[in-house]
2 protein chains.
Amino acid sequence: MEVTRTNFKDSLSTVYSAIEEADFLAIDGEFSGISDGPNVSALTNGLDTPEERYMKLKKHSMDFLLFQFGLCTFTYDQAESKYVIKTFNFYIFPKPFNRTSPDTKFICQSSSIDFLASQGFDFNKVFRHGIPYLNQEEEVQLREQYEERRSQSNGSGNPSYISPNPNKGPGSVPEEHREYIGRVVEKVESLFTTSEKTTGVLCDDIMGFQKERYIQISKVDDEERKRRERQKQEREQEELNDAVGFSRVIHAISKSGKLVVGHNMLLDVMHTIHQFYCVLPEYLLCFLRLLDTKLMATTQPFKELINITSLAELQKQLKESPFKSPKVVTAEGFPSYDTAQEQLHEAGYDAFITGLCFISMANYLGTFLTPPRAHIPSQSKLIQPFPKRDHVLYVTFPKEWKTSDLYQLFSAFGNIQVSWIDDTSAFVSLSQTDQVQIAMNTSRYAESYRIQTYAEYVQGRQQVRES
Amino acid sequence: MEVTRTNFKDSLSTVYSAIEEADFLAIDGEFSGISDGPNVSALTNGLDTPEERYMKLKKHSMDFLLFQFGLCTFTYDQAESKYVIKTFNFYIFPKPFNRTSPDTKFICQSSSIDFLASQGFDFNKVFRHGIPYLNQEEEVQLREQYEERRSQSNGSGNPSYISPNPNKGPGSVPEEHREYIGRVVEKVESLFTTSEKTTGVLCDDIMGFQKERYIQISKVDDEERKRRERQKQEREQEELNDAVGFSRVIHAISKSGKLVVGHNMLLDVMHTIHQFYCVLPEYLLCFLRLLDTKLMATTQPFKELINITSLAELQKQLKESPFKSPKVVTAEGFPSYDTAQEQLHEAGYDAFITGLCFISMANYLGTFLTPPRAHIPSQSKLIQPFPKRDHVLYVTFPKEWKTSDLYQLFSAFGNIQVSWIDDTSAFVSLSQTDQVQIAMNTSRYAESYRIQTYAEYVQGRQQVRES
Ligand SMILES: Nc1nc2c(ncn2[C@@H]2O[C@H](COP(=O)(O)OP(=O)(O)O)[C@@H](O)[C@H]2O)c(=O)[nH]1
Ligand SMILES: Nc1nc2c(ncn2[C@@H]2O[C@H](COP(=O)(O)OP(=O)(O)O)[C@@H](O)[C@H]2O)c(=O)[nH]1
């Protein structure tokens, strides 16, 4: 389903319920470019550690625009042993919301634009009908703007001048309009003195020759005033929602706590956080349950069976033995893709294919169980280790601690890696998984700090979210 | 006429002859944005001097892309007392030429993109079918690349490895292809020893399973070899021309020496130089004969008659007395614009309107002559003073001179402004026009330096160009 500014509001409940009912979600993004520094393949396929790659992408990729977001929801139908899918193709564009809203600048990279153009990508749809969005900071700012204006206009006794531009003071009346304004003021004053209860309306044309402008003044009773204020507030809330736009879909994905699958998804995730949430943190962290099919395909037991891990090649190889293609049908009312007729590099299609690859690989893991199982649900423990995090500890400590204190604490374990979360917590990666248990045991009686395994940390967060 | 990558080569002779026969040219550009710093109106309509505005635009506007270029040529038909026009709308995009060619990054500004989108601008046409271009430095680089490769492949005796990537050395043969390559080498060697004169062809499939690749080897005599080399050279020249692309149109405009008219044209001209010529010089200079209709409209005698100088408003006012709309017809075979049905903000249409405004204002100047003249040709002295340059001197001097030497030289004239051209020349703006003659007289017997009026300088350049 194609979603643009035109049908976004009407589609939102469909999107929400698709996310809600799904077993897992697959995503993919298309961008206006990849790198404003090193060349693309060096940046995305180099031999960097994930941390190094994160730092490079943060530095060289974040000024490009994510302008198409593909979401494919997968829901398992137990009775029929098949997945039911719903695919959404969102077009995204930061259309300025009003005169004071941010005027986003983004970079385009010719080779990426040319690549997408050659695939028939519809740029007009993006620029003319893209869905706007705000990150959390911008949303808060806009909300505050509305509240300030509202409290100004409710300010009893002292009716101050209200302008969409908060920097403007009361206007001064140009000479040639003085007489006209005088007449209007007179009419308004006479309206105060009449005892009529009906709404008095005063219209007039100010400077007809350039533009038609009217002043309308109504006399209302208290009840009517409250009704109008309520109406206005509702309208403002709706405007705010419209401005937050596509970010609402990302909020829903995040709140759902569902597994999110992507192929080589680091860049997609980083853009998603950066564009729709907040400034990226200094180090690689993630608040979503993520699974990267490219990473999965290059890990045991798939490493031996799969030669090329680009999405198209991976899909081809997963159609052959020992893998099985999953049974998948498109939900009623959704346009379906024809996997024979490739539509690669459309975000929605890529998300769909990524989901298929994930299911094939997950089910393959099931063949090792006794007895073997044909269907491995996305919640299964079997697929937790992609990406492997079982050498990672979550450590909390006093505000005074520095990186050196953490190195000190783990000095017995050789080479460690520290990723700060905030003032009082960090992830610490040990070089060997079997050190984790030792670290946990040693820390049991510690008072100044606390250690959790990564799995415990994730579980804790999930409980917080559900409660 | 719409010109894209698809019909560019076929249209080029039409464009060249339109420029050649024209009395004057009008241009206009559309950009992916205006400012990455100060807001748009501050940058383009502020109270800055031209020099200050130039510096600001250089700093804040040059990373945007000029992606539509409008050219309207105006040719006066003496017999019929009317102008014949030809309009071209060029779509421009820096499609990477090959794997080693520059991968241009450019900025987009949401408000500008949104503005163009609301006018129905066709972004797909730009990104899918835009004409590529190279600036002079890139053109030289590409030419050198070709020449280097050619001299390598002609290098007698020592046949070196030739790769499109100049950094690559001879490849090493992977283990699994050894046997196959051995067989090929054997076949090639047997080809050398046969006395057959016909071209021997050897084809084979190298690694069928991934991609089909063939090696073809032909045995040719000397004459055939030369013929093929010539063919290749012609092909390369054509590729080079294709890569230089739209810059060829700009070269033709510049070489023609024709008057170029634009409305508020500083940004258009700067982008044109920057994208299709070279890095912008430190100071405001211009090698084209330029006339800005916005500047003209805000100068005497128009200043008193024209209130609003935006292009659309200017056109409206120039339809009314004391101005006259010029008689203009579209050349045969060219699609014509309907001025009643405004297509403002399409570069070709804006160029057309700009030309109309120029003609109306030029002809109005003719009414002051005795006897009055209804048609003022674009070469007339009457329209030279827009923009006024008659207080500007062109000074040449020894390499050792610094700005302080120029201040010293003109110390008698009060406040002056120096714009360096190169090591041995600069423009010096005097504060009063009547100082020019004094400066000219004083310098007559000088030996270390030389002074010309701006008009002499322009005339000199034009003669150089024509010879
Ligand atoms: N320069 C360049 N950019 C590309 C190329 N392929 C993809 N891109 C860019 O990478 C983005 C992601 O592409 P996608 O099809 O999702 O690739 P994936 O990483 O294989 O999923 C696209 O939106 C393009 O901006 C390419 O061959 N060259
Ligand atoms: N942000 C913004 N950009 C604009 C607006 N109008 C024009 N532009 C940008 O300015 C460029 C030149 O516009 P053009 O129609 O030639 O304006 P002109 O300067 O009046 O000739 C366009 O390509 C847009 O990028 C506007 O109202 N807002």
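Residues numbered from 1 in each chain as written. Chains lettered and ligands numbered in written order. Predicted model: local features only at pLDDT ≥ 70, side-chain atom pairs only at ≥ 80, totals over all residues. Heavy atoms only, no water.

Q: Describe the overall build of chain A, and please don't skip the residues or the numbers.
A: The secondary structure content of chain A amounts to 16 helices and 12 strands. At a minimum sequence separation of 6, the contacts of chain A that also span at least 24 residues come to 71%. Carbon and sulfur atoms make up 50% of the accessible area of chain A, which amounts to about 25,500 Å² in all. (Helix = DSSP H or I, 4+ residues; strand = E, 2+ residues; numbered from the N terminus. Contact = heavy atoms within 4.5 Å. Areas by Shrake-Rupley, 256 points an atom, 1.4 Å probe, with all protein chains shown as cover.)

Q: Explain the interface of chain A and chain B residue by residue, including any values.
A: Many structure descriptions define interface size as the accessible area lost when the parts assemble. Every contact between the two is made by 27 residues of chain A and, on the other side, 27 residues of chain B. For the pair chain A and chain B, the summed buried area comes to about 2,300 Å², and 55% of that belongs to carbon and sulfur atoms. Our enumeration of links across chain A and chain B arrives at two salt bridges. One salt bridge in this structure joins B:D114 and A:K95, with 3.1 Å as the shortest N-O distance. Our count for the contact surface shared by chain A and chain B stands at 19 residue pairs in polar contact (both at pLDDT 80 or more). Put simply, the parts of the chain that give the side of chain A that touches chain B at least two residues each are β5 (105-109), α4 (110-118) and α5 (123-129) of chain A. (Buried area = accessible area lost by both parts, 1.4 Å probe. Salt bridge = Lys/Arg side-chain N within 4 Å of Asp/Glu carboxyl O. Polar contact = N/O pair within 3.5 Å; in protein donor to acceptor, adjacent residues only side chain to side chain.)

Q: Which residues make up the sheet that holds strand β10 (residues 416-422) of chain A, and what values go with them?
A: Residue and element names in this part refer to chain A. Overall, antiparallel pairing links the four strands, which are arranged β10-β11-β9-β12 in an open sheet. A strand with exactly one partner marks an edge of an open sheet, and here the two such strands are β10 and β12 (450-453). Between one strand axis and the next, the sheet turns by 25° as a mean value, whatever way the strands run. Looking at chain direction, β10 and strand β11 (residues 425-430) are connected through six bridges and run antiparallel. Counterpart to V418 in the pairing with β11 is V428. In the packing of helix α15 (residues 435-443) onto the sheet, the strands contacted are β9 (392-396), β11 and β12, and the crossing angle to β12 comes to about 150°. (Pairing = 2+ DSSP bridges. Axes fitted to C-alpha atoms, helices over the stretch in contact; angles between N-to-C directions.)

Q: Help me get a handle on helix α4 (residues 110-118) of chain B, residues and values and all.
A: The α-helix advances 3.6 residues per turn, and as a result positions three or four apart in sequence lie on the same side. Those residues of α4(B) not exposed but buried are B:S110, B:S112, B:I113, B:D114, B:L116 and B:A117. Its buried side turned inward, α4(B) meets β5 and α5 of chain A together with β2 (24-31), β3 (66-77), β5 (105-109) and α5 (123-129) of chain B. Downstream of α4(B) by one or two residues, B:G120 has phi in the positive range, about 80°. (Buried < 20%, exposed > 50% of the residue type's maximum accessible area, 1.4 Å probe, protein only.)

Q: I'd like a description of the pattern of salt bridges, backed by residues and values.
A: Residue and element names in this part refer to chain A. Applying the stated criterion to the full structure yields 26 salt bridges over all chains. Among the salt bridges present, the one from D242 reaches K9, with a minimum N-O distance of 3.3 Å. Of this pair, D242 sits in helix α8 (residues 222-244) while K9 is found in helix α1 (residues 8-21), placing the two residues 233 residues apart along the sequence. Take D242: its relative accessible area is 33%, and that puts it in the partly exposed class. One salt-bridge network, in which partners are shared between bridges, spans K9, E238 and D242.

Q: How would you summarise the site of ligand 1 if you had to cite specific residues and measurements?
A: Residues and elements named next belong to chain A. Taken together, D28, G29, E30, F31, I34, S111, S112, F115, L116, H345 and D350 are the residues near ligand 1. The side chain of D28 places a nitrogen or oxygen atom 3.2 Å from an oxygen atom of ligand 1. One of the side-chain N or O atoms of D350 is found 3.4 Å from an oxygen atom in ligand 1. Alone, ligand 1 offers 570 Å² of accessible surface; in the complex the protein occludes 75% of this. Mapped onto the shell around ligand 1, the elements with two or more residues apiece are β2 (24-31) and α4. Considering only residue class, the shell around ligand 1 consists of four nonpolar, four polar and three charged. (Near = heavy atom within 4 Å. Nonpolar A, V, L, I, M, F, W, Y, C, P; charged D, E, K, R; others polar.)

Q: Can you lay out the side chain of A:Q452 for me, pointing to particular residues and giving the numbers?
A: Residue and element names in this part refer to chain A. For Q452, the position within the fold is in strand β12. Classification of Q452 by relative accessible area gives buried; the value is 17%. Not counting the four nearest positions on each side in its chain, Q452 is found in contact with L393, Y394, M440 and Y457.

Q: So what's going on with the site of ligand 2? Which residues, and what values?
A: Residues and elements named next belong to chain B. In the vicinity of ligand 2, the contacting residues are D28, G29, E30, F31, I34, S111, S112, F115, L116, H345 and D350. Within the side chain of S111, one N or O atom sits 2.7 Å away from a nitrogen atom of ligand 2. At 2.9 Å from a nitrogen atom of ligand 2 is found a side-chain nitrogen or oxygen belonging to S112. A total of 570 Å² of accessible area belongs to ligand 2 in isolation, and the protein chains cover 75% of it. Going through the elements one at a time, β2 and α4 are the ones with two or more residues in the shell around ligand 2. Tallied by class, the residues present in the shell around ligand 2 amount to four nonpolar, four polar and three charged.

Q: Please provide a residue-by-residue account of the relation of the copies chain A and chain B, values included.
A: After a rotation of 179° and a shift along the axis of 0.2 Å, chain A superposes on chain B with an RMSD of 0.2 Å. What the rotation and shift describe, once combined, is the action of a two-fold rotation axis. Considering only C-alpha atoms, the residue of chain A closest to the rotation axis is A:I107, which sits at 2.2 Å. The residues that chain A uses at the interface reappear at the interface of chain B in 100% of cases, marking a shared surface. (Least-squares fit on C-alpha atoms with pLDDT ≥ 70 in both.)

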